[in-house]
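The residues making up each chain are set out below.
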Amino acid sequence: KMASFRFRLVLLALLASCFIAKASVSSRIYKTINSDSPCVRLTNSTSQVGCASNIGGSQGTVHYIESGGDLTWVLQDGPHTPYIPLLHLQDFNDENLKQLKESSRISGILLLANQNVSETKP
């Protein structure tokens, strides 16, 4: 009986340590993005613009786009697809948007309104 009790105690300790380790790893990998900006979707007879998401949510690797080379890497070479590029507002233009929209490697886009890179760079 004592051996069975010790076995159960050890098993319980192992399960508890696995749960704690999982929570610790999860908190290091995933970050919540809080924003004071509302999500708005605008539509007209020809197009729509604004916030949207897949039914299960949009998931992907967030990658900071600092230059055209970064955008090319995300669209062609990056091994951790799908990507959610983080773009400055000035880089959110027709040419870049067309490339991002046509790529199967992109699951969303985040826009960075603050132009002070030293404060916002991941």
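Refer to the structure presented above.
Treat the numbers as computed from the prediction; the structure is a model and nothing was measured.

So what about a nonpolar patch on the surface? Which residues, and what values?
Together, Leu89, Phe92, Leu97, Ile109 and Leu111 make up a nonpolar patch on the protein surface, roughly 380 Å² of accessible area in all. Here Ile109 is to be found in the loop between helix H3 (94–102) and strand E5 (110–112). The class for Ile109 is partly exposed, based on a relative accessible area of 31%.

Which residues make up the sheet that holds E5, and what values go with them?
Across the sheet, three strands lie side by side as E3-E4-E5; this open sheet has parallel pairing. The strands lining the two open edges of the sheet, one partner per strand, are strand E3 (61–64) and E5. With direction set aside, neighbouring strand axes in the sheet form an average angle of 25°. The sheet contacts of helix H2 (residues 68–77) involve E3 and strand E4 (83–88), and relative to E3 the element is tilted by about 155°.

So, unusual backbone geometry: which residues are in play, and what are the values?
Residue Thr81 is joined to Pro82 through a cis peptide bond whose omega torsion reads -5°. Checked against the element boundaries, Pro82 lands in the loop between H2 and E4.

Residue-level account of the packing of aromatic side chains, with values.
When we look at a pair of aromatic rings, we describe it by the centre distance and by the angle of the planes. One pass over the structure, following the stated rule, counts one aromatic pair. Between Trp73 and Tyr83 the ring centres are 5.6 Å apart and the planes differ by 65°, which places this aromatic pair in the edge-to-face class. Of this pair, Trp73 sits in helix H2 while Tyr83 sits in strand E4, placing them 10 residues apart in sequence. For Trp73, a relative accessible area of 31% corresponds to the partly exposed category. Taking relative accessible area as the criterion, Tyr83 reaches 1% and is therefore assigned buried.

Parameters and conventions
- In every chain, residue numbers begin from 1 and rise along the written sequence.
- Predicted model: local features are reported for residues with pLDDT of at least 70 only, side-chain atom pairs are reported and counted for 80 or more only, and whole-chain, interface and lining totals are derived from all residues.
- Only hydrogens and water are removed before side-chain values are computed, so all heavy atoms of the structure are retained for them.
- Patches here are clusters of residues that have more than 30% relative accessible area and form no salt bridge, with a 9 Å joining cutoff for like charges and a 5 Å cutoff for nonpolar side chains (Val, Leu, Ile, Met, Phe, Trp, Tyr).
- Residue-level accessible areas treat just the shown protein chains as cover; the underlying method is Shrake-Rupley with a 1.4 Å probe.
- We define a salt bridge as a contact between a side-chain nitrogen of Lys or Arg and a carboxyl oxygen of Asp or Glu at a distance within 4 Å.
- Helix and strand assignments follow DSSP, with helices taken as H or I runs no shorter than four residues and strands as E runs no shorter than two, numbered in order from the N terminus.
- Relative accessibility under 20% of the residue-type maximum defines a buried residue, over 50% an exposed one, and the middle range a partly exposed one, all with a 1.4 Å probe and only protein chains included.
- Note on pairing: DSSP must find at least two bridges between two strands before they are called paired.
- Every angle, taken between N-to-C directions, lies between 0 and 180 degrees, and every axis is a line fitted to C-alpha atoms, over only the stretch in contact when it is a helix.
- Only heavy atoms enter the contact rule, under which two residues are in contact if any of them lie within 4.5 Å.
- Side-chain rings of Phe, Tyr and Trp, where Trp is taken by its six-membered ring, are said to pair if the distance between their centres is within 6.5 Å; with planes under 30 degrees apart they count as stacked, over 60 as edge-to-face, and otherwise as tilted.

The values reported here are purely geometric and, on their own, carry no functional implication.
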